[in-house]
Amino acid sequence: VKKNGKNGYRLYSRELNEQLREKMELEADLRRAFEREEFMLCYQPQIRSSDSKMIGIEALVRWKHATRGIVSPGVFIPIAEETGLIHELGSWVLREACRQMKEWHTAGGPLIPVSVNLSSQQFHQENLAEFIISILDETGLPPQYLELEITESMMMDPTVSTGILHSLTEHGIRISLDDFGTGYSSLSYLKHLPIQKLKIDRSFIRDIASNANDKAIVATIIAMAQHLNMDVVAEGIETQEQLDILTESDCRKIQGYFYSRPLPAWDVEQGFFVPQRE
Ligand code: C2E
Ligand code: CA
Ligand code: CA
Ligand code: CA
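The rules behind these values
Residues numbered from 1 in each chain as written. Chains lettered and ligands numbered in written order. Predicted model: local features only at pLDDT ≥ 70, side-chain atom pairs only at ≥ 80, totals over all residues. Heavy atoms only, no water. Near = heavy atom within 4 Å. Polar contact = N/O pair within 3.5 Å; in protein donor to acceptor, adjacent residues only side chain to side chain. Areas by Shrake-Rupley, 256 points an atom, 1.4 Å probe, with all protein chains shown as cover. Helix = DSSP H or I, 4+ residues; strand = E, 2+ residues; numbered from the N terminus. Nonpolar A, V, L, I, M, F, W, Y, C, P; charged D, E, K, R; others polar. 1 Å grid on protein atoms, 1.4 Å probe; cavity = no way out; pocket = protein on both sides within 12 Å on 5 of 7 lines; lining within 4 Å. Points joined across faces, edges and corners; volume = space filled by probe spheres on them. Axes fitted to C-alpha atoms, helices over the stretch in contact; angles between N-to-C directions. Parallel < 35°, antiparallel > 145°, perpendicular 65-115°, else oblique. Left-handed = near helix turned anticlockwise from the far one by under 90°. Contact = heavy atoms within 4.5 Å.

Identification of the protein as Signaling protein YkoW from Paenibacillus algicola is taken from an unreviewed UniProt entry.

Undergrad: Could you give an account of the site of ligand 1, with specific residues and numbers?
TA: Lining the immediate surroundings of ligand 1 are 21 residues, of which Arg62, Asp178, Arg202, Glu238 and Tyr257 lie closest. For ligand 1, an oxygen atom lies 3.3 Å from a polar atom in the side chain of Asp179. With the chains in place, 81% of the 810 Å² that ligand 1 exposes on its own is no longer accessible. The leading source of residues in the shell around ligand 1 is strand S2 (residues 53-65), at four residues. Within the shell around ligand 1, the residues separate by chemical class into nine nonpolar, five polar and seven charged.

Undergrad: Quick one: what's the story with the layout of surface pockets, residue by residue and with numbers?
TA: There is about 1,100 Å³ of room inside the largest pocket. In this structure, the largest pocket is lined by 37 residues; those nearest its centre are Glu58, Leu60, Pro73, Asn117 and Asp178. Going through the elements one at a time, S2, helix H2 (73-83), helix H3 (86-106), strand S5 (146-151), helix H5 (152-156), strand S6 (174-180) and helix H8 (202-205) are the ones with two or more residues in the lining of the largest pocket. Residue composition of the lining of the largest pocket, grouped by class: 13 nonpolar, 14 polar and ten charged.

Undergrad: I'd like a description of the packing of helix H4 (residues 128-139) against helix H6 (residues 162-170), backed by residues and values.
TA: As a packed pair, H4 and H6 sit with axes 9 Å apart at the nearest point and diverge in direction by 30 degrees. If you check the angle between H4 and H6, you find them roughly parallel. When you trace H4 past H6, the crossing you get is right-handed. Where H4 abuts H6, its residues Leu128, Ala129 and Ile132 lie against Ile164, Ser167 and Leu168. A class-by-class count of the residues in the contact of H4 with H6 yields five nonpolar, one polar and no charged.

This is the structure we're talking about:
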């Protein structure tokens, strides 16, 4: 480093300090965020394109920071994972998502499942399955209305026990494989893991209208899912053109800005209870 001269080094270390300071600040704020009740969930509908019906909804956490505004989970989930705060955050998300869905069911909303993202760290928690089942008991949400989203890379982690997945599905909870196709993994685990749904990662959808390879990969994933008797959802649909290509490839379950951005609970309710004009 010194060979680059004093200036180069100083610049480098100042930048690094800045990043470090920023991270430590967020970390301290994150610890206080629970007391201040700064977390909220947004919900993004999953739509069946043939009749535009909502068939599911994914809970996505948001942090309303006092001075920074809304902080994206892409920024604070990694910090929560590093600091161990992910356990408290993950528990809060699960409980809140189940509570909200039960409330909507009770109020006459659609009987659809809520999807909750899990972090690999949560699999290190002892009794994770029992804990999740206790949240269902506590909130009164029947297990078939909870879907847990995991990623391929989580399943490649040898410390992640697949036994947990089996106990969860034995209780009727659904498992969905998120970001499918980005995990560089062998597909053999699809044979022995209890997975009901594949979510095709947005990176394959983005250029699907112009990139023949992406289109071929997506068509292959859809065909494979059908052969394996799994549901398949395409993520990140933004345009009519992308939707048309997916329909052509026989994928009718869609999540993306084309239908809806993730919305706060009160906006979701508008869609449930205000009669739809067609
Ligand atoms: P993810 O699970 O893959 O969630 C989908 C992300 O794509 C969301 O970003 C969503 O807002 C965004 N998205 C949906 N449709 C579109 C679209 O049409 N176009 C584009 N450009 N983006 C779209 P978000 O909410 O910022 O979440 C980012 C990631 O943070 C999530 O990716 C997930 O990995 C993680 N995350 C979010 N909430 C939680 C949580 O409660 N727990 C854990 N462990 N992770 C979470
Ligand atoms: Ca997800
Ligand atoms: Ca995803
Ligand atoms: Ca993702």
